[in-house]
Amino acid sequence: MAASSLDFSQVAERAAALQSELNQRSGGLTRLLAVTKGFPAEAVAAALQAGLNEVGENYAQEMLAKQEALTDPKIAWHMIGAVQRNKVKHLAGRVALWQTVDRPSLIDEIAKRDPGAAVLVQFAPWQTSGKNGCSVEDLEPLVTRAVTAGLKVKGLMTVGVAEDEQATIEAFKELVKRADQLGLPERSMGMSGDLAAAVDCGSTLVRIGRALFGERPPRLQLS
Ligand SMILES: *Cc1c(COP(=O)(O)O)cnc(C)c1O
């Protein structure tokens, strides 16, 4: 893969088009998070140049490598992938928003290693229990636990249901309803494939990779 495969002006054009769509649909309520996972570090530079300073990464090691390559303090790094507990200490102090908090053990570890960190609770309203998001039943206890542990709970995050637009919209609506009930302002939902639906449902933060940077190169084994 050529490191120069990234066209900065194309990223800037796509960012501008996305921003104007967000402005039209949400009246400026929704921010754009540039998801750079799987793209080279230049993608972060391209996002910055396009005026996007919030960047999302899924894998601890990949985030740390890109942070070493790009030290601009303007960049706000969001962790948007599943986090193993043993990775938290390496990421502590380097994550502006932990978006995937979904279980007590992870709350306790973040509270210990990164006291007072800003987090979102990841919500998967269609499941009764499991990974990558908590159930409806577990949501409020998790929020309470995180607040009690001293974390700043900014809001909720969800990933839509693959290949099921209707279920995805239901999940977005459920997330907004719960966030309203809990008084949480941030609603992180929507990716390249379901951006419009997410914004129309009330997303405050869409997480966009492919619609900014093009198709992701095949993933190499990074960890
Ligand atoms: C990869 C990823 C995204 C971005 O997906 P695109 O389809 O590239 O826009 C958003 N959120 C999460 C949690 C992801 O893993």
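Residues numbered from 1 in each chain as written. Predicted model: local features only at pLDDT ≥ 70, side-chain atom pairs only at ≥ 80, totals over all residues. Heavy atoms only, no water.

**Student:** Account for the pattern of salt bridges, with residues named and values stated.
**Tutor:** Applying the stated criterion across every chain, the model contains 14 salt bridges. A salt bridge links Glu 186 to Arg 31; its shortest N-O distance comes to 2.9 Å. With a gap of 155 residues between them, Glu 186 in strand 7 (residues 186–188) and Arg 31 in strand 1 (residues 31–35) connect regions that are remote in the sequence. Taking relative accessible area as the criterion, Glu 186 reaches 11% and is therefore assigned buried. Exposure remark for Arg 31: the relative accessible area of 31% places this residue in the partly exposed category. Here Glu 62 and Lys 66 are joined by a salt bridge, their closest N and O atoms 2.8 Å apart. Within this pair, Glu 62 and its partner Lys 66 are both found in helix 3 (residues 60–69), separated by four residues, close to a single helical turn. Across this residue pair, the class does not change: Glu 62 and Lys 66 are buried. One salt-bridge network, in which partners are shared between bridges, spans Glu 21, Arg 25 and Asp 200. (Salt bridge = Lys/Arg side-chain N within 4 Å of Asp/Glu carboxyl O. Helix = DSSP H or I, 4+ residues; strand = E, 2+ residues; numbered from the N terminus. Buried < 20%, exposed > 50% of the residue type's maximum accessible area, 1.4 Å probe, protein only.)

**Student:** Which residues make up the site of the ligand, and what values go with them?
**Tutor:** Close contacts around the ligand come from 13 residues, with Lys 37, Asn 58, Ser 192, Arg 210 and Arg 216 the closest. Within the backbone of Gly 209, one N or O atom sits 2.9 Å away from an oxygen atom of the ligand. Taking Arg 216, its side chain carries an N or O atom lying 2.5 Å from an oxygen atom of the ligand. Tallied by class, residues from the shell around the ligand come to six nonpolar, three polar and four charged. (Near = heavy atom within 4 Å. Polar contact = N/O pair within 3.5 Å; in protein donor to acceptor, adjacent residues only side chain to side chain. Nonpolar A, V, L, I, M, F, W, Y, C, P; charged D, E, K, R; others polar.)

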